[in-house]
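Remarks on the overall topology
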Amino acid sequence: MKKEIMLNTKNLAEISNQLPTPTFDRALLKPGIVHVGVGGFHRAHQAYYTHLLQEKGDAAEWGICGIGLRKGDQKIHDVLQKQDGLYTLIVNHPDGKIDSQVIGSIIDFKLGHETPDVVIDQMAHPDTKIVSLTITEGGYNFNSSTGDFDFDNTDVQHELQHPNDPKTIYGFLTAAIKKRRNLGLPAFTVMSCDNIQHNGDVTREMLLAFANRQDKELAEYIEKEVGFPNSMVDRITPVTTQADIDYLESTYNVKDEWPVTCEPFIQWVIEDNFSNGRPEFEKVGVQFVPDVKPYEKMKLRLLNAGHSVLGILGAIHGHPTINACMEDDLFVTYLRAFMDEEATPVLDKLEGIDLTAYKDSLQERFANPNIKDSVSRICSESSAKLPKFLIATIQDNLAKGGSITYATLVIAAWCYYSDKGIDKNGNPIEIIDATQEQLHAAASKTNTDPLAFIRQESIFGNLINEEKFTSLYSELVQQIYTDSDIKKHMT
Ligand code: CS2
């Protein structure tokens with residue numbers, strides 16, 4: 001067997017015989033973007049768009065320096081360091097075609113949990129113009145039901161006392177913005193790329209709440225000087241598996257320790273609200289719009305909620321992936337009924353968007369047999385996702401007398417899922433949620449108090465006072481506890 005070629009700068013020329021590799025001079029790139037949270041999604045989306053722009057030339061000031069703030073980021077840091085920031089993006093088409101290419105926009109990686117100064121200095125460097133974020137829905141530290149900043153978080157309390165030892169994104173951003181201001185450098189833009197409605201506004205509000213406690217003058221400066229564009233980001237990016245690594249090795253003889261796989265579809269709609277310049281992303285298909293809110297809401301309430309509907313019901317049924325759910329007609333019918341009868345009626349009007357075509361395209365994307373997006377990824381961190389994706393739709397429908405049946409069954413199923421952690425065949429379900437213990441404790445009281453799960457105010461807000469919801473929920477949750485064959489309840 002031929003010796004495999006490790007993915008790194010030294011071997012790029014050789015690898016370019018097998019795979020498309022960057023044609024621009026990576027040595028000329030400067031880190032204009034500092035990105036926090038270098039997961040698969042960032043690498044399939046923003047880093048890919050940035051790479052495309054660099055391929056067109058003239059974007060050398062927009063290299064990306066990746067940042068990890070958590071211990072868990074050590075692995076991606078080590079891999080990308082070893083590979084000089086290079087990685088392979090594997091695009092899986094529904095017809096079996098696979099496009100792979102090496103992406104070159106990430107040029108550096110720094111970790112903040114042990115050496116916060118290194119990260120603050122990078123953010124405060126004159127080259128830095130944008131700090132972008134994919135820190136997940138849960139990373140924004142707000143109470144899902146009130147929307148208020150959570151000052152009880154012990155890391156936040158620590159960094160309020162010790163501004164030079166930040167722990168959360170807010171401590172890092174304020175320390176870096178302060179440093180730039182003292183150095184007389186212009187403020188960077190803070191660009192959230194997470195699935196949160198009004199993600200820029202939310203980031204701004206949370207950062208201001210934090211900064212106001214720490215340093216009022218700094219808060220005023222942030223209010224005046226920092227841009228927080230809202231954006232809608234989209235590309236389905238499953239968790240990388242060993243099979244993906246093996247695929248590159250067996251097909252191209254290339255050893256990439258952490259490639260990314262994704263679907264062909266990609267979209268980024270963003271407001272043009274940058275404080276210190278921006279890449280000309282419009283040249284590579286990014287849409288700049290005056291107001292992104294209707295797009296965000298459409299995506300979160302249809303795509304992300306649709307994922308959760310399939311994921312939670314699918315997990316209890318024993319479907320391992322989203323595409324397996326889409327091979328099951330009952331799941332397809334259920335998904336469409338949820339989208340048409342509950343999610344669509346409470347969306348805002350969108351000029352020029354054909355919602356029927358959008359929903360059709362979502363069904364096609366979910367059904368892509370080569371994506372194999374695990375239901376465990378979709379259900380992960382549901383406590384941070386569902387308030388915005390699904391519970392908001394229930395609330396809107398309650399306010400206008402609309403249907404809540406499909407979404408309520410999903411909440412009842414989520415209770416059962418959190419309590420039992422097994423599918424209908426008795427196989428364990430992998431549950432990943434920062435509040436897993438709290439979810440489990442609440443759910444496990446269901447037998448004596450059927451409403452126990454939805455009493456969690458931080459997730460469900462005041463839904464417990466909505467009779468129409470509580471009576472339906474109570475009936476459905478008891479039905480599932482009596483017979484966990486979820487398909488019986490989906491008809
Ligand atoms: C998924 C998203 O886990 C989830 O919530 O719905 O990661 C989804 O795949 C992306 O938002 C697609 O753009």
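Basis of the calculations
Residues numbered from 1 in each chain as written. Predicted model: local features only at pLDDT ≥ 70, side-chain atom pairs only at ≥ 80, totals over all residues. Near = placed C-beta within 6 Å. Helix = DSSP H or I, 4+ residues; strand = E, 2+ residues; numbered from the N terminus. Pairing = 2+ DSSP bridges. UniProt positions renumbered as here; feature names shortened; annotations may be inferred. Core = buried A, V, L, I, M, F, W, Y, C linked by C-beta atoms within 7 Å. Buried ≥ 20, exposed ≤ 12 C-beta atoms within 10 Å, placed from the backbone. Contact = placed C-beta atoms within 7 Å. Axes fitted to C-alpha atoms, helices over the stretch in contact; angles between N-to-C directions. Left-handed = near helix turned anticlockwise from the far one by under 90°. Nonpolar A, V, L, I, M, F, W, Y, C, P; charged D, E, K, R; others polar.

On to the site of the ligand, then. The ligand sits among Asn195, Asp234, Arg235, Ile236, Asn304, His307, Arg377, Ile378 and Lys385. Every element with two or more residues in the shell around the ligand is listed here: α11 (293–317) and α15 (375–379).

This next bit is on the pairing of strand β5 (residues 98–103). In the sheet, strand β4 (residues 87–92) pairs with β5 via six bridges, with the strands oriented antiparallel. When the bridges of β5 are listed, Val91 appears paired with Asp99. Connecting β4 to the antiparallel partner β5 that follows it, the hairpin turn spans five residues, and Gly96 within it adopts a positive phi of roughly 100°.

Moving on, we come to the UniProt feature "domain: Mannitol dehydrogenase N-terminal" (unreviewed entry) in the protein. The UniProt feature table records "domain: Mannitol dehydrogenase N-terminal" (unreviewed entry) at residues 32–283. In residues 32–283, the share of helix is 37% and the share of strand is 19%. The end C-alpha atoms are 18 Å apart.

The next thing to look at is the nonpolar core. Residues Val410, Ala412 and Ala413 are the most contacted members of the largest nonpolar core, which totals 133 residues. Examining the composition of this core, we find that 12 residues originate from one element, α11, more than from any other. Ignoring sequence-local partners within four residues, the contact set of Ala412 consists of Tyr473, Leu476, Val477 and Ile480.

Here we come to unusual backbone geometry. Unusually for a residue other than glycine, Asp84 sits at a positive phi of about 55°. Note that Asp84 resides in the loop between α4 (74–82) and β4. Even without being a glycine, Lys372 presents a positive backbone phi close to 50°. Examined against the element boundaries, Lys372 turns out to sit in the loop between α14 (355–367) and α15.

Here we come to the sheet that holds strand β11 (residues 260–262). Taken in spatial order, the three strands line up as β5-β4-β11 in an open sheet, and their pairing is mixed. The sheet terminates laterally at β5 and β11, the two strands that pair on one side only. Ignoring which end each strand starts from, the neighbouring axes of this sheet average 20° apart. Pairing of β4 with β11, which is carried by three bridges, proceeds in the parallel orientation. The residue bridging Ile90 from the neighbouring strand is Thr261, located in β11.

Turning to its location among the elements, Val269 is positioned in strand β12 (residues 267–271). Distance from Val269 to Leu133, taken between C-alpha atoms, is 15 Å for residues 136 residues apart in sequence. Sequence-distant contacts of Val269, that is, excluding residues within four places in its chain, are made with Ser231, Met232, Gln287, Val289, Val292 and Tyr295.

As a further point, take the packing of α11 against α14. Following both chains from N to C, one finds α11 and α14 inclined at 40°, their axes separated by 11 Å at the closest point. The way α11 lies across α14 gives a crossing that is right-handed. Of α14, the residues touching α11 (which contributes Met298, Leu302, Leu303, Gly306 and Leu310) are Tyr358, Lys359, Leu362 and Phe366. The residue inventory of the contact of α11 with α14, partitioned by class, reads seven nonpolar, one polar and one charged.

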